[in-house]
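Letter by letter, the chains look like this.
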Amino acid sequence: MGQGLWRVARNQQYQQGFIDHSFLSTEHDSNMNHRRHTQGGMDLYHLLKARKAKDQQGFINLEMLPPELSLTILSYLNATDLCLASCVWQDLANDELLWQGLCKSTWGHCSIYKKRHPPGFSYRNLYMRLDEGSLTFNANSQEGIEYFLSRGILDDSPKEIAKFIFCTRTLNWKKLRIYLDESFLFLGEMYWMNL
């Protein structure tokens, strides 16, 4: 998904280069430039034009763009690509809102989302713990749920666990079925013991 945005920006650059050399009148160009300046300063067109003038090769430097636009571009990356992007754009790629979005788009419900976060809390670290817990669950479902409970990611209530399972996309369905079968057997045994 992220690669598509780079292609769009590059295509816009090439198209703009074509338009610059087209047979448009200079009056039309000056009106366009005036309109762009009055709309709020430097826009993507001017950034691309400045980049082209410097004869730089490669991608656009996201630090040259407004932060809102840079964060929007980075929001299309997955966790692996975002970690790689942090090698180049450390401040941008480590933004907590990006990692919060990644957590909530992959694990839609966690009890920890509703809790007050301690000092030093990081959604990037939470993403790593959620990913590790999902891998643990996909190897052994009981150990995976214990992992989430022991780290405070989930509260120990059937409702919270059910919401987590329903809203999570990364759990292996076979392991999930085994976990649910074992849970229903346990609940059935508890019911019969209480009669």
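So, how was this worked out
Residues numbered from 1 in each chain as written. Predicted model: local features only at pLDDT ≥ 70, side-chain atom pairs only at ≥ 80, totals over all residues. Heavy atoms only, no water. Helix = DSSP H or I, 4+ residues; strand = E, 2+ residues; numbered from the N terminus. Buried < 20%, exposed > 50% of the residue type's maximum accessible area, 1.4 Å probe, protein only. Areas by Shrake-Rupley, 256 points an atom, 1.4 Å probe, with all protein chains shown as cover. pLDDT = per-residue confidence, 0-100. Contact = heavy atoms within 4.5 Å. Core = buried A, V, L, I, M, F, W, Y, C linked by side-chain atoms within 4.5 Å. Axes fitted to C-alpha atoms, helices over the stretch in contact; angles between N-to-C directions. Parallel < 35°, antiparallel > 145°, perpendicular 65-115°, else oblique. Left-handed = near helix turned anticlockwise from the far one by under 90°. Phe/Tyr/Trp six-rings, centres within 6.5 Å; stacked < 30°, edge-to-face > 60°. Lys NZ or Arg CZ within 6 Å of the ring centre and 35° of its normal. Salt bridge = Lys/Arg side-chain N within 4 Å of Asp/Glu carboxyl O.

Here we look at the overall build of the chain
Part 1 of the argument: Scanning the chain for helices and strands turns up eleven helices and zero strands.
Part 2 of the argument: Tracing the chain from N to C terminus, the helices and strands come up as α-α-α-α-α-α-α-α-α-α-α.
Part 3 of the argument: The buried share of the chain, reckoned over its 195 residues, is 32%.
Part 4 of the argument: Approximately 13200 Å² of the chain is accessible, and the part contributed by carbon and sulfur atoms is 58%.

Some details on the confidence of the model for the chain
Part 1 of the argument: Of all residues in the chain, 64% have pLDDT values of 70 or greater, and the mean over the chain is 75.
Part 2 of the argument: Within the chain, helix H2 (residues 26-38) has the poorest average pLDDT of any element, 48, and helix H9 (residues 141-150) the best, 94.
Part 3 of the argument: Scored below 50 in pLDDT, residues 18-28 shows five contacts in the model against residues more than four places distant or in partner chains.
Part 4 of the argument: Low pLDDT, under 50, characterises residues 34-40; the predicted model gives this stretch five contacts beyond four residues in sequence or across chains.

Some thoughts on the nonpolar core
Part 1 of the argument: Of all hydrophobic cores here, the largest spans 38 residues; its most connected members are Leu 74, Leu 82, Cys 110, Tyr 113, Leu 126, Leu 130 and Phe 164.
Part 2 of the argument: Secondary structure elements with two or more residues in this core: helix H4 (67-74), helix H5 (79-85), helix H6 (90-93), helix H7 (96-106), helix H8 (123-139), H9, helix H10 (158-167) and helix H11 (173-194).
Part 3 of the argument: Tallying contributions element by element places H8 first for this core, with five residues.
Part 4 of the argument: With near-sequence residues (within four places) excluded, Leu 82 lies in contact with Leu 74, Leu 77, Ala 93, Leu 98, Trp 99 and Leu 102.

Considering the packing of H8 against H9
Part 1 of the argument: Close contact between H8 and H9 brings their axes to 5 Å; oriented N to C, the two are set at 155°. Comparing the axis directions of H8 and H9 gives the class roughly antiparallel. As H8 packs across H9, the resulting crossing turns out to be left-handed. Across the interface between the two elements, Arg 129, Leu 130, Glu 132, Gly 133, Ser 134, Thr 136, Phe 137 and Ala 139 from H8 touch Ser 141, Glu 143, Gly 144, Ile 145, Tyr 147 and Phe 148 from H9.

Topic: the packing of aromatic side chains
Part 1 of the argument: A full pass over the atoms with the stated rule returns six aromatic pairs.
Part 2 of the argument: Relative to Tyr 127, the ring of Trp 99 has its centre 5.6 Å away and its plane inclined at 65°; by these criteria the two rings are edge-to-face. Separated by 28 residues along the polypeptide, Trp 99 in helix H7 and Tyr 127 in helix H8 bring together distant segments of the chain. Judged on exposure class, the residue Trp 99 and its partner Tyr 127 are both buried.
Part 3 of the argument: For the pair Tyr 147 and Phe 148, a centre-to-centre distance of 5.9 Å together with 85° between the ring planes defines the contact as edge-to-face.
Part 4 of the argument: The exposure class assigned to Tyr 147 is buried, which follows from its relative accessible area of 8%.
Part 5 of the argument: A residue is classified by how much of its surface remains accessible, and Phe 148, at 0% relative accessible area, is buried.
Part 6 of the argument: Each residue in the set Trp 99, Trp 107 and Tyr 127 is aromatic and connected to the rest through ring pairs, giving one cluster.
Part 7 of the argument: Its end group placed over the ring of Tyr 113, Lys 104 keeps NZ or CZ at 5.2 Å from the ring centre.

Let's talk about the pattern of salt bridges
Part 1 of the argument: In the structure shown here, the tally under the stated rule is two salt bridges.
Part 2 of the argument: With a closest N to O distance of 3.2 Å, Glu 160 and Lys 114 form a salt bridge. Of this pair, Glu 160 sits in helix H10 while Lys 114 sits in the loop between H7 and H8, placing them 46 residues apart in sequence.
Part 3 of the argument: Overall, the relative accessible area of 8% leaves Glu 160 in the buried class.
Part 4 of the argument: With a closest N to O distance of 3.0 Å, Asp 155 and Lys 115 form a salt bridge. Taken together, the residues Asp 155 in the loop between H9 and H10 and Lys 115 in the loop between H7 and H8 connect sequence positions 40 residues apart.
Part 5 of the argument: A relative accessible area of 31% places Asp 155 in the partly exposed class.
Part 6 of the argument: Given a relative accessible area of 33%, Lys 115 falls into the partly exposed group.

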